[in-house]
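Summary of structural features
Spelled out, the chains give:
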Amino acid sequence: MKKENIPNALTLLRIALIPIFILVLSLSYSVGMHVFAAIIFAVASITDYLDGYLARKWKVVTNFGKFADPMADKFFFFFFFFFFFLLIEMNMTPAWVVAIIICRELAVTGLRLLLVETGGTVLAAAMPGKIKTFTQMFSIIFLLLHWTLLGQILLYIALIFTIYSGYDYFKGSAYLVKDTFK
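Residues numbered from 1 in each chain as written. Predicted model: local features only at pLDDT ≥ 70, side-chain atom pairs only at ≥ 80, totals over all residues. Heavy atoms only, no water.

**Description of the overall build of the chain**
On a plain count of helices and strands, the chain comes out with six helices and zero strands. Counted from the first residue to the last, the chain has its helices and strands arranged as α-α-α-α-α-α. On the principal axes, the C-alpha backbone points of the chain span a range of 55 × 45 × 20 Å. Burial status across the chain gives 39% buried among its 182 residues. A separation of at least 24 residues holds for 76% of the contacts in the chain among residues at least 6 apart in sequence. Summed over its atoms, the accessible surface of the chain is roughly 10200 Å², and 73% of this surface lies on carbon and sulfur atoms. (Helix = DSSP H or I, 4+ residues; strand = E, 2+ residues; numbered from the N terminus. Buried < 20%, exposed > 50% of the residue type's maximum accessible area, 1.4 Å probe, protein only. Contact = heavy atoms within 4.5 Å. Areas by Shrake-Rupley, 256 points an atom, 1.4 Å probe, with all protein chains shown as cover.)

**So, the environment of alanine 38**
Topologically, alanine 38 is positioned in helix 2 (residues 31-57). Alanine 38 sits in the buried class, given a relative accessible area of 4%. Contacts of alanine 38, omitting those with residues within four sequence positions, involve Ile141, Leu144 and Leu145.

**Examining the packing of aromatic side chains**
Enumeration over the complete set of coordinates arrives at seven aromatic pairs. Ring centres 5.8 Å apart and planes at 50° place the aromatic pair phenylalanine 21 and phenylalanine 41 in the tilted group. Of the two residues, phenylalanine 21 is situated in helix 1 (residues 6-27) and phenylalanine 41 in helix 2; the sequence distance between them amounts to 20 residues. An identical accessibility class is assigned to phenylalanine 21 and phenylalanine 41; each is buried. (Phe/Tyr/Trp six-rings, centres within 6.5 Å; stacked < 30°, edge-to-face > 60°.)

**Comments concerning a nonpolar patch on the surface**
A cluster of nonpolar side chains, namely Leu13, Val31, Val35, Ile39 and Val43, defines an oily patch on the protein surface of about 370 Å² accessible area. Looking at the nonpolar patch element by element, the count peaks at four residues for helix 2. Residue placement: leucine 13 occurs in helix 1. By relative accessible area, which is 37% here, leucine 13 ends up partly exposed. (Patch = residues over 30% accessible without salt bridge, like charges linked within 9 Å, V, L, I, M, F, W, Y side chains within 5 Å. Salt bridge = Lys/Arg side-chain N within 4 Å of Asp/Glu carboxyl O.)

**As for helix 6 (residues 148-172)**
The α-helix winds at 3.6 residues per turn, so residues separated by three or four positions along the chain end up facing the same way. Between its terminal C-alpha atoms helix 6 stretches 35 Å, which fits the 36 Å expected from 25 residues at 1.5 Å a residue. Of the positions making up helix 6, those classed as buried are Gly151, Leu154, Leu155, Ala158, Leu159, Thr162, Ser165, Gly166 and Tyr169. (Expected span 1.5 Å × (residues − 1).)

**A short note on the packing of helix 4 (residues 95-119) against helix 6**
One way to put it is that helix 4 packs onto helix 6 with a least axis distance of 10 Å and a crossing angle of 30°. As the angle between them shows, helix 4 and helix 6 are arranged roughly parallel. For helix 4 against helix 6, the interelement crossing comes out left-handed. Counted together, Trp96, Val97, Ile100, Ile101, Arg104, Ala107, Val108, Leu111 and Arg112 of helix 4 and Leu155, Tyr156, Leu159, Thr162, Ile163, Ser165, Gly166, Tyr169 and Phe170 of helix 6 form the full contact between these two elements. (Axes fitted to C-alpha atoms, helices over the stretch in contact; angles between N-to-C directions. Parallel < 35°, antiparallel > 145°, perpendicular 65-115°, else oblique. Left-handed = near helix turned anticlockwise from the far one by under 90°.)

**Quick look at the pattern of salt bridges**
Overall, the coordinates contain five salt bridges when judged by the stated rule. Between arginine 14 and aspartate 51 there is a salt bridge; the shortest N-O distance is 2.8 Å. One end of the pair, arginine 14, is in helix 1; the other, aspartate 51, is in helix 2, with 37 residues separating them in the sequence. A relative accessible area of 3% means that aspartate 51 is categorised as buried. Look at the salt bridges and you will find they share partners, linking Arg14, Asp48 and Asp51 into a network.

Here's what the structure looks like:
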């Protein structure tokens, strides 16, 4: 495989793993299936990091990658919805935590669309958002492994960074609405 195709292959692998993950979780609530789902999720999470890293490092950013990577991210985002509702059903997290995380994700996605529409600005992920994503991913892995306390601690850390990063993104984009309230 050519070097320039590896990041795109990783993106496609992530897209393919999402429905497999959901299927595995849907088949059984057994610990064994949860461990299998945790492995699938960990691999998908690693590809989320690796595809962009390799594309930038090797300077092989492609039009397909520009299209497919954000699409894979959105699929991953919708997967989070599914999984968080499953966490509520399994009594592993309160609904209010899930509601805040989902509302922030929708709000920041809307902000990104607005920024592109109004000036072509791309809202890059800042460090608090990266920490939010990292802690969310690891909380999911630990909750699936039934390391509930560690998973819940990480989920609450993710919640803190969810709120802070959402605030940070909107604060940096306040110029969009400053004339609205004059």
